[in-house]
Every structure is written in C-alpha cells, then in structure tokens.
Amino acid sequence: MNDLVVVLLLNYNQNDYTIKCLESLLKSNYEDYKIILVDNGSTKENVAELEENIPIDKKLIFKKLDPNIGFAMGYNYALEEGRKLNPRYFLLMNNDTIIDKSAIVELVKTCQQYNDKARVIGKVYHYDDPKRLQIVGNQYVDKKMLMYKTMGSDEVDNGQFDKVEERDMVDDVYTLHPAELYDRIGGYSPYFWINGVEKDLSLRAIKEGYKLVYTPEAKLWHKGSVSFGGRKMNPKIAYYSIQSKLILRYLHLSKSSFLIFYLNVFKSVLGTLFKSIYYKMFKGKDITKYARAKLGGFIYFNKWLFKRNMNNGHNPYSN
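Model, not experiment: these values are computed from the prediction.

Conventions we followed
- Residues numbered from 1 in each chain as written.
- Predicted model: local features only at pLDDT ≥ 70, side-chain atom pairs only at ≥ 80, totals over all residues.
- Heavy atoms only, no water.
- Core = buried A, V, L, I, M, F, W, Y, C linked by side-chain atoms within 4.5 Å.
- Buried < 20%, exposed > 50% of the residue type's maximum accessible area, 1.4 Å probe, protein only.
- Helix = DSSP H or I, 4+ residues; strand = E, 2+ residues; numbered from the N terminus.
- Contact = heavy atoms within 4.5 Å.
- Axes fitted to C-alpha atoms, helices over the stretch in contact; angles between N-to-C directions.
- Parallel < 35°, antiparallel > 145°, perpendicular 65-115°, else oblique.
- Left-handed = near helix turned anticlockwise from the far one by under 90°.
- Nonpolar A, V, L, I, M, F, W, Y, C, P; charged D, E, K, R; others polar.
- 1 Å grid on protein atoms, 1.4 Å probe; cavity = no way out; pocket = protein on both sides within 12 Å on 5 of 7 lines; lining within 4 Å.
- Points joined across faces, edges and corners; volume = space filled by probe spheres on them.
- Salt bridge = Lys/Arg side-chain N within 4 Å of Asp/Glu carboxyl O.

**A word on the nonpolar core**
Move 1: Judged by nonpolar contacts, the single largest core of 60 residues is most densely connected at Leu8, Phe90, Tyr188 and Leu246.
Move 2: Here this core gets 7 residues from one element, more than from any other, and that element is helix α7 (residues 235-252).
Move 3: The residues touching Tyr188, leaving out its near neighbours within four places in the chain, are Phe71, Ala72, Tyr75, Asn76, Leu92, Val197, Glu198, Leu201 and Arg204.
Move 4: Of all hydrophobic cores here, the second largest spans 33 residues; its members include Leu50, Val124, Tyr174 and Val213.

This is the structure:
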C-alpha cells in the first residue's frame, strides 16, 4: 500500500515561521512524504520574499491564493491539491511550529496501530520554553455540553504523558489522519473561519467510527496565536470564538442541550457588557471593544441560524 504522507501548511505573512517550519519538516526521517505549502493571500512583498527564501526541494509544492480565504477554506484547498497525489495520510500543521524529525514516523505508526481509523496528535511544547508542554490533547469537563479542558498545559514534561491514549478532543496544531477520512466526511466546514473547525471535523470523524489518539513520541514546538496577537481579552478572537462555539454546538448537541448552552452564552455576553460599563466608570479600564466583540459574535450566530452562510471571515474588531 502507498504510505505517502502529504503535509499541509498555510502561510499568511509569517515567512520566518514558515521557513523554519519547512526546514524542520525537510529533516524528517520518514521516507515517503510531500509538503504542500499554500500562501493564503499574503501581501505581494511577503509572497515574493517567501518564494525567494523557501527551501528548494522536490518534496515541496508551493501554491498561492489571493485573496485570503481563511483557515478552514485554505486547508480545504490544500486537501484538494493533496488528494491529487493519492496519499495514504494527511498531516495538517500550523506554520508557527518546529517538528521533530521522528514525529511523522510516530504519528503514522500509531495510526496504523488503530487500523487507520484514527486522528493522531503528539506532544506540543512551547516554542520559547522547549521543555514545557503546551497541550497533549483535551478531555471532557462536560460531555453533554461539549466542554473540554486542555491536558498538560504549561507542565514541564517529566514523562507524565508517556502513554499512547485516546483523547476526547484534539487540537489543530498538528494532526495526522488517513486520506480515506477526507473521502468520507470532507474537510473543514465552511461555517467556520478559524475557531471551531478542528472540533467540528473531529466530532464528524468520531461519528464515522474514528478514534482521537495521542502518541507521546511525536513531538513539536508551537509559538501559538501569532496571527491574533495573543488570546487574553482579544476582541478579534472573542468575535470568532463566540460565533464558532455556538455554531459547533448547534451542529452537534441535542436541541435541549443547545438551548441551555445558548442561554449561558447570552448570560456571559450580557455580563461582559455590564462589566465593561463598570470598569470604565469606576476603574478607568476600557474593555468596551472586547465586550462589543462578544456581542457581535453572538449576533452573527443568530443571523447565521437563518442564512447558514459560508463564513467570509469579516471581523469588525480586527484592529
């Protein structure tokens, strides 16, 4: 059987990270792999610089998109291009990463242990603190509401996560799965721009009988949130997050469970709005934009209920 792994990467004005990621990938000791790098609507100057500096290697295929079509649709484009190569596996990766040379071997080995019925992740370390874990998967806090907690976050790796284990959810930093899964369920949903896409895909995979699996010998170092400038009180992320978490649960929860979740989100949005008024009046702290972004994401979802439109990524809180 063909054991080709097609690695998929998106770049958006992050040439330095992307080039370092490519350099690490090209050191892989896995024999049969190709890399499809898609520039997802970077500026002309950045595209020219990337083309000039990316490694020259027969394993690397470079594609350009204009304009930016978002995380979800960018990877869907890459998946379609990758399918033309007739691979056995896809490895979807963030570009702000450095991957260990043995990681692909370990991901494939674990997937084969599950008879190619798995989506597989490995250890993710902090880019700037290389012995400290960022994530090793997610486990349920509340399965009924699809609420998860991150496993291993900010822990020093002392071997506490050194077993191959199934997970309740996986992160989108890097995930390997059989190409057959793409044939069965397709790629990322166009209802999402970035947040929620990985969870939705994984939940659809579970419904097809696939497992979510963590393997400890696959290792990668991740910068994290470089496109958005960090996560804490970030209006841009808040806008995407609210709409995505509602769409995800609308698609995968029972009606009664979704209604409870919806009301809790509404309560949270109102609470943040009132808090923003209090902070501005009595503490001299302005979180108005963050509060409005949460409300904007909530309004987006309510409109989506009637239109079911493809997410075009418009975010009024980007700046």
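From this point, the discussion proceeds with the structure in view.
**A look at unusual backbone geometry**
Among all residues except glycine, the phi angle is most often negative; among peptide bonds, the trans geometry is most common.
Move 1: Between Asp66 and Pro67 the backbone carries a cis peptide bond, its omega angle lying at 5 degrees.
Move 2: Relative to the helices and strands, Pro67 resides in the loop between β3 (60-65) and α3 (70-83).
Move 3: The backbone of Asn86 sits at a positive phi, close to 55 degrees, despite the residue not being glycine.
Move 4: Its place among the elements puts Asn86 in the loop between α3 and β4 (89-93).
Move 5: Positive phi, close to 55 degrees, is recorded for Asn115, a residue that is not glycine.
Move 6: Counting through the fold element by element, Asn115 comes out in the loop between α4 (103-113) and β6 (118-126).

**Considerations on the environment of Glu217**
Move 1: Relative to the elements of secondary structure, Glu217 occurs in strand β12 (residues 211-222).
Move 2: By relative accessible area, Glu217 is classed as partly exposed at 43%.
Move 3: It is 6.9 Å that separates the C-alpha atoms of Glu217 and Ala103, two residues lying 114 residues apart in sequence.

**As for the packing of helix α6 (residues 197-207) against α7**
Move 1: Two elements in contact, α6 and α7, have axes separated by 10 Å at closest approach and are oriented at 15 degrees. Relative to α7, α6 is oriented roughly parallel. For the crossing formed where α6 meets α7, the hand is right-handed. Across from Lys199, Asp200, Leu203, Arg204 and Lys207 in α6, the residues of α7 making contact are Leu248, Leu251 and His252.
Move 2: The residue makeup of the contact of α6 with α7, split by class, is 3 nonpolar, 1 polar and 4 charged.

**Focus on empty space enclosed by the protein**
Move 1: Per the counting criterion, the structure on display carries 1 cavity of 30 Å³ or more.
Move 2: What the largest cavity holds in volume is close to 40 Å³.
Move 3: For the largest cavity, the full set of lining residues is Ile121, Gly122, Val124, Ile135, Gly137, Asp171, Val173 and Tyr174.
Move 4: If you tally residues by element for the lining of the largest cavity, the top one is β6, at 3 residues.
Move 5: Looking at the lining of the largest cavity residue by residue, the classes come out as 5 nonpolar, 2 polar and 1 charged.

**Considering the pattern of salt bridges**
Move 1: Across all of its chains, the model carries 17 salt bridges by this definition.
Move 2: Between Asp116 and Arg88 there is a salt bridge; the shortest N-O distance is 2.9 Å. Note that Asp116 is positioned in the loop between α4 and β6 and Arg88 in the loop between α3 and β4, a separation of 28 residues in sequence. Accessibility assignment for this pair places Asp116 and Arg88 in one class, buried.
Move 3: Between Arg167 and Glu165 there is a salt bridge, with the nearest N and O atoms lying 2.9 Å from each other.
Move 4: Overall, Glu165 belongs to the partly exposed group, its relative accessible area being 31%.
Move 5: Taken together, the shared-partner salt bridges in this structure form one network comprising Asp3, Arg88 and Asp116.

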